[in-house]
Amino acid sequence: MTRNVVEIYADGACRGNPGPGGWGVLLRARGRERELFGSEPATTNNRMELVAVIRALEALRRRCAVRVYTDSQYVQKGISEWIRDWKRRGWRTAAKQPVKNADLWHQLDALAQGHDIEWHWVRGHAGHAENERADALANRAIDAMKARR
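The paragraphs below set out a description of the structure included in this document. (Residues numbered from 1 in each chain as written. Predicted model: local features only at pLDDT ≥ 70, side-chain atom pairs only at ≥ 80, totals over all residues. Heavy atoms only, no water.)

**Details of the nonpolar core**
Piece 1. Ile8, Val25, Leu27, Val53, Trp105, Leu108 and Trp119 are the most contacted members of the largest nonpolar core, which has 31 residues in total.
Piece 2. Those elements that place two or more of their residues in this core are β1 (5-14), β2 (19-29), α1 (45-58), β4 (65-70), α2 (73-88) and α3 (102-112).
Piece 3. The residues contacting Leu108, other than those within four sequence positions of it, are Leu50, Val53, Ile54, Leu57, Ile79 and Trp119. (Core = buried A, V, L, I, M, F, W, Y, C linked by side-chain atoms within 4.5 Å. Buried < 20%, exposed > 50% of the residue type's maximum accessible area, 1.4 Å probe, protein only. Helix = DSSP H or I, 4+ residues; strand = E, 2+ residues; numbered from the N terminus. Contact = heavy atoms within 4.5 Å.)

In structure tokens form, the structure reads like this:
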């Protein structure tokens, strides 16, 4: 049986850090695309990067083979390298400080367990078409939130 393969292109944006933020996702599977985006009035860029991937994984209805593409080394390295040590140290950094955004890391970790995920870093703002689309969605979400105020 062929596994469902889903490509996720996720990006976060923040105007000010902290400040109003947005996240955007392009999901691609079986030749179809779906866009997701949202915003928060007071957040950070790293939180929006994490929320983008979390919302994308939440949108999946069944276990899938997933390729996540992000321009955030914080997300890519955090989930594929650093998280093991954070857990081992009781969600503390090597400097014995609490891990920032632990609430979101817990969510992402739990969601990731339900899928076979490859984590890919792509250079941001470098002409990667799908990353540019995710970035545009994140910024659209901020613009829409600001227009409602």
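**Regarding the packing of aromatic side chains**
The description of an aromatic ring pair uses the distance of the two centres, along with the angle that the planes make with each other.
Piece 1. Per the stated rule, a full pass over the model turns up five aromatic pairs.
Piece 2. Seen in terms of ring centroids, Tyr74 and Trp105 are 5.3 Å apart; in terms of plane orientation they differ by 70°. Their pairing is edge-to-face. Taken as a pair, Tyr74 in helix α2 and Trp105 in helix α3 lie far apart in primary sequence, 31 residues in all. Of the two residues, Tyr74 and Trp105, both sit in the buried class.
Piece 3. Taking 6.3 Å as the distance between ring centres and 40° as the angle between the ring planes, the aromatic pair formed by Trp86 and Trp91 counts as tilted. In this pair, the class of Trp86 matches that of Trp91, namely buried.
Piece 4. Each member of the aromatic cluster is reached from another via a ring pair, and the members are Tyr74, Trp82, Trp86, Trp91 and Trp105. (Phe/Tyr/Trp six-rings, centres within 6.5 Å; stacked < 30°, edge-to-face > 60°.)

**Remarks on the pairing of β2**
Piece 1. Most of β2 sits out of view: nine of its eleven residues are buried.
Piece 2. Direction of pairing for β1 relative to β2: antiparallel, over a ladder of eight bridges. Across the sheet, Ile8 pairs through a bridge with Leu27, a residue of β2.
Piece 3. Where β1 folds back onto β2 in an antiparallel hairpin, the turn is made up of four residues, including Gly16, whose phi is positive at roughly 95°.
Piece 4. Two strands pair when backbone bridges link them, and β2 and strand β3 (residues 32-43) are joined in this way by ten bridges, in the antiparallel orientation. By the bridge assignment, Leu26 is partnered in β3 with Glu35.
Piece 5. If you look at the hairpin formed by β2 and β3, you'll find two residues sitting between the two strands, and Arg30 has a positive phi there, around 50°. (Pairing = 2+ DSSP bridges.)

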